[in-house]
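Overview (structure and organization)
What follows is each chain in one-letter form.
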Amino acid sequence: MLENMVGAQLAKEPIPTPQRIRELIETVRNLPFCANVSSDEAERLALEFEERHGVEMKIGAFLTKTDYEPWLDTARASIIPYYWNRYRQLLVQQGFSGHVLATLDDVTDRILSLLENPQKPGRWDRRGMVVGHVQSGKTANYTGLICKAADAGYRLIIVIAGVHNNLRNQTQIRIDEGFVGRDSARMLTTRDEQVIGVGKFDSSRRPVTFTNSVRDFNKVMATGVGVPLQNLNEPAIFVIKKESNTLKNLLEWLKEHSARGGTDSVDAPMLLIDDEADNASINTKHGKGEVTRINGQIRDLLNMFERSCYVGYTATPFANIFIDPATDDEMRGADLFPKDFIVSLDPPTNYFGANRVFLEDADRIIRHIDDNEERLPLKHATDFTVTTLPPSLVTAVRAFVVAKAIRIARGQVAVHCSMLVNASIKNAVQRQLRNELHIALEELQASVRVNAALPPAEALRDPAIRALHEVWADEYEDTAGCDWPAVQKRLHEAAASIRTVLINSKSADVLDYAGHAKTGLSVIAVGGFSLSRGLTLEGLMVSYFLRNSMMYDTLMQMGRWFGYRQGYDDLCRVWMPEEAEGWYTHIAEAIEELREELRIMQAANATPEQFGLKVRSHPDTLIVTARNKMGSGEKLRVSIGLGERFAETAILKRDPASLAANRLAARQLADKLAEAGKPLSSAAEVTGGRLLQGVPPGMVEEFISAFQNHPGSMLTEPGPVRRYIEDRRDTELASWDVLFTGVKTPDAQGLTDVSLGIPIYCQRRSAGNRSDCNTLRVTNKQRVASRGVEKTGLTPAQIEGVEKAYREAEGKENYPDRIYRRMRERPLLIVHLLAIGNEHEDLRGQKPTVAWSISFPRTAMEEMRVEYVVNTTWWKENYRDELDDDEIAGDDV
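Counting from 1, residues in each chain are numbered in the order their sequence is written. Since the coordinates come from a predicted model, pLDDT governs what is reported: local features require at least 70, and pairs of side-chain atoms require 80 or more to be given and counted, while whole-chain, interface and lining totals use all residues. The side-chain values count all of the structure's non-hydrogen atoms but skip hydrogen atoms and water molecules.

So, about the overall build of the chain. Put simply, DSSP marks the helices as runs of H or I at least four residues long and the strands as runs of E at least two long, and each gets a number from the N terminus on. For the chain, the helix and strand inventory stands at 33 helices and 29 strands. Put simply, the chain has 893 residues, and 59% of those count as buried. The contacts in the chain between residues at least 6 apart in sequence include a share of 80% that link residues at least 24 apart. Residue-level accessible areas treat just the shown protein chains as cover; the underlying method is Shrake-Rupley with a 1.4 Å probe. For the chain, the accessible area works out to roughly 35300 Å², and carbon and sulfur atoms hold 49% of it. Buried residues are those whose accessible area, probed at 1.4 Å on protein chains only, stays under 20% of the maximum for their type, while exposed residues exceed 50% and partly exposed ones sit between those limits. Contacts are assigned to residue pairs that have any heavy atoms within 4.5 Å of one another.

This is the structure we're talking about:
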């Protein structure tokens, strides 16, 4: 009661001070019904409000067509914000800060204004896209948009909510809470109307729902509503699965019951929200035929309405709508292409996302899995038998129990707590994992039930409790905010309610968070694809991710650990292979790069089409496109722009002849530089090595031509890179910086090379796990250059200026290399001399392994994109990804 009343008042104040928060708490606490709240409880609540109301949220970037005509401000006087006002009240109750609410209000207003005015007569349609982050609140955003669209006069709203029943059901529950205000399951099955969510604030108006939270669209049930759409006094909503039979039934029902007499068209203005929009395009998960049917049905659905708006929501700028079309012209002409607008959503500052997990706080959050191969290898057959769990998985379970106990000690009781285990693509193996985890959990529960109440010295004689203590000491002792006796005291309460569940197409288990709203649900959820797209695991604290996928859509959607973790984000941990961490880091950087590009394009008044072309020219389009077309047997030509890009040879040939040829190429480059009056002995000593400036492009081209490139390193193919340089050798790329890397202090067991005329203390790099006798993958993360290397050659004033701008814009000091690249006036060639081996290995007898990187500056010239040919062989050798059983079988098998 105290929290709700104070929260409602604070939501009206953008940034309340700590003093103001405490004043309000004391005022309300003096009322009779709050008198039993203790001083400690009141102070804990004050601290929670301080954290909650310190959260901020930026507007994000918008691109629109040049002929866009604003309408919302003119129409606002006639709009009664009934649905939005009660949804805002619900968000206040859920703890949204005043600042975040104000920004959400502004953002949804802007998106609404980019739709068409529903009161406008005649035929019209609009197509747009909203790019959010995984688990960042896209549902909250489009629920707000739905409320405002209904207030403005949209009569029919269709939400296409992913390809799985569990995701559709979860979305329906959220729409019930945020828009309908009644429990749709009870309303359509028992005719019993239970008021929930927004309905508790005001239920005088009643939107009509034709679907419920336990069943997808059904023609018989929809007909039972008994009123044609054109005769409804309030808006109607459908929440359906992205599946061809469902879409077929909806199309037929609309024609039979709601089309205008003598036609197949519906006059009511319609808004279609396509959640996970990139999952509706051509890809290998569903097969081209099925996806083509779905796309055709969505187009038919839009065309059935004389007035319609389509808004696709996606978590990645690498959306298939930009990438799948074979040509730029085909992209522009695609029926679902967001021709009218693109919106990029910025998450609130308390968002626990890819940047936080992989770029800013990885050392604290990420734990590497390196003990699985004997017990649970990455690749295994359907009939593989799980006889024991990897020790790292057992440790992760212990961390989950300890973390939950810490939350209880912090006063976070009756809350959802979840652990994710995504370690196999096979349903049968997932079932065995669930069973083994159940046994391990039961043993742990038995120990804490008997011994956790003993004094610590006695309790620690129990091996299970001693193991929990070790996890506490390793993971949480420094940040928990409580000592071990306080944690031990709550171990039984923490462990007793945890159960293991299996979430896949063969399992009857469900994640019933709504049914445990008052007590909290504690689960260890085991699954694969069914857990990987859209589904939210409430209170997720620990994740165990053992997959070999390297694909953008698969990896980012598998990132269920992204989201909001207020009050326990310091307890979150993710176990994964080191190579997977490398891919996530790369993807996070690439996506942030495109989001930043969208912000720059907004300032330049660019159009959605121009952004689509920018996405298509990004180097990582190679990976996404190859995956989408894999199995077709065709060679695919992809045009890539190298302007303001970073390319490096992270995959190298390992045969002796190639290694020797690359050492020779580096030595010849050093010799030619010396002949031109630029010997390495005269190079400036900088952080990371020795720098020469004013190097002509011909020397760089000769080095790249002589270098033996691995075919798996597509972006560093000599031909395309040389052509790009040749086009600019007399202008933008006429003068180069060249850095020969090395460490300043020699390693006692490291490699010192003198082949270039001076001693160079070689950088130590490990060989990735997937290296073999023919291929060297530089580290499991497949990254050669050190972070920050792209500032080399910039002046101190340039570095300080770009870092200051980044701090002011982002509020962070973990500077990404792209900010230096944007400042570069000259390209930077980095020649790496590497000693390949583990941290303490004696490498003195080696010869150096040569690799290279290039940081290309932004180009002002019209970019003639270089062309790469992608084939199935290249894909399988470098990015092979096995399909999950659920991906193959489909949701209803």
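What follows covers the sheet that holds strand E13 (residues 522–527). In space, the 6 strands of this open sheet follow the order E10-E16-E14-E11-E13-E12, with parallel pairing throughout. Strands at the two margins of the open sheet, each flanked by one partner only, are strand E10 (366–368) and strand E12 (499–503). Strand-to-strand, the axes of this sheet are offset by a mean angle of 20°, without reference to chain direction. A strand pair is defined by DSSP finding two or more bridges across the two strands. Think of each axis as a best-fit line through the C-alpha atoms, taken over the contacting stretch in the case of a helix, with angles from 0 to 180 degrees between the N-to-C directions.

Right, let's get into helix H11 (residues 244–257). Multiplying 1.5 Å by the helix residue count minus one yields the expected span of that helix. In a regular helix each residue adds 1.5 Å, so 14 residues correspond to 20 Å; H11 covers 20 Å between its end C-alpha atoms and thus fits that length. Taken residue by residue, H11 has Ser244, Thr246, Leu247, Leu250, Leu251, Trp253 and Leu254 as its buried positions.

The subject of this paragraph is helix H30 (residues 796–810). With 15 residues, H30 should reach 21 Å at 1.5 Å per residue; the first-to-last C-alpha distance of 21 Å fits that figure. For H30, the complete set of buried residues consists of Gln798, Ile799, Val802, Glu803 and Tyr806. Viewed along the axis of H30, the buried residues span an arc of 120°, placing them on a single side of the element. Pointing more than 90 degrees away from the buried face of H30 are the exposed residues Pro796, Ala797 and Glu808. For H30, the secondary structure elements touched by its buried residues are helix H31 (818–823). Among the residues trailing H30, Gly811 stands out with phi positive, at a value near 70°. Read the arc as the range of directions from the helix axis to the C-beta atoms.

A few words on the side chain of Thr108. Structurally, Thr108 can be placed in helix H6 (residues 98–114). Judged by relative accessible area, which is 0%, Thr108 ranks as buried. Apart from residues no more than four positions distant in its own chain, Thr108 is found in contact with Trp84, Asn141, Gly144, Leu145 and Lys148.

Turning our attention to the confidence of the model for the chain. Across the chain, each position has a pLDDT score giving the predictor's confidence in that residue, from 0 to 100. Model confidence for the chain is summarised by a mean pLDDT of 85, while 85% of its residues fall at 70 or above. This stretch, residues 281–288, has a pLDDT under 50; its non-local contacts, to residues over four places away or in other chains, come to 27 contacts. Confidence drops under a pLDDT of 50 for residues 888–893, and excluding neighbours within four residues, the segment shows 11 contacts in the predicted structure.

With that settled, consider the pattern of salt bridges. The salt bridge criterion pairs a side-chain nitrogen of Lys or Arg with a carboxyl oxygen of Asp or Glu, the two atoms within 4 Å. Under the definition given, this model contains 50 salt bridges. In this structure, Glu592 engages Arg599 in a salt bridge whose closest nitrogen and oxygen atoms are separated by 3.4 Å. Given a relative accessible area of 10%, Glu592 falls into the buried group. We note a salt bridge from Asp747 to Arg764, for which the minimum N-O separation is 2.7 Å. Remark: Arg764 occurs in strand E25 (residues 763–765) and Asp747 occurs in the loop between strand E22 (736–741) and strand E23 (752–753); sequence separation between them is 17 residues. The exposure class assigned to Asp747 is partly exposed, which follows from its relative accessible area of 41%.

Let us look at a nonpolar patch on the surface. On the surface, Met1, Met5, Leu31 and Phe33 cluster together to form a nonpolar patch covering roughly 380 Å² of accessible area. Here Leu31 lies in the loop between helix H2 (18–29) and helix H3 (39–52). Patches draw on residues past 30% relative accessible area with no salt bridge. Two like charges within 9 Å are joined, as are two nonpolar side chains (Val, Leu, Ile, Met, Phe, Trp, Tyr) within 5 Å.

A few words now on the pairing of strand E16 (residues 573–576). Going residue by residue along E16, you find Arg573 and Trp575 tucked away on one face and Val574 and Met576 tucked away on the opposite face as well. Across 3 bridges, the pairing between E10 and E16 is parallel. Paired with His368 across the two strands is Met576, which belongs to E16.

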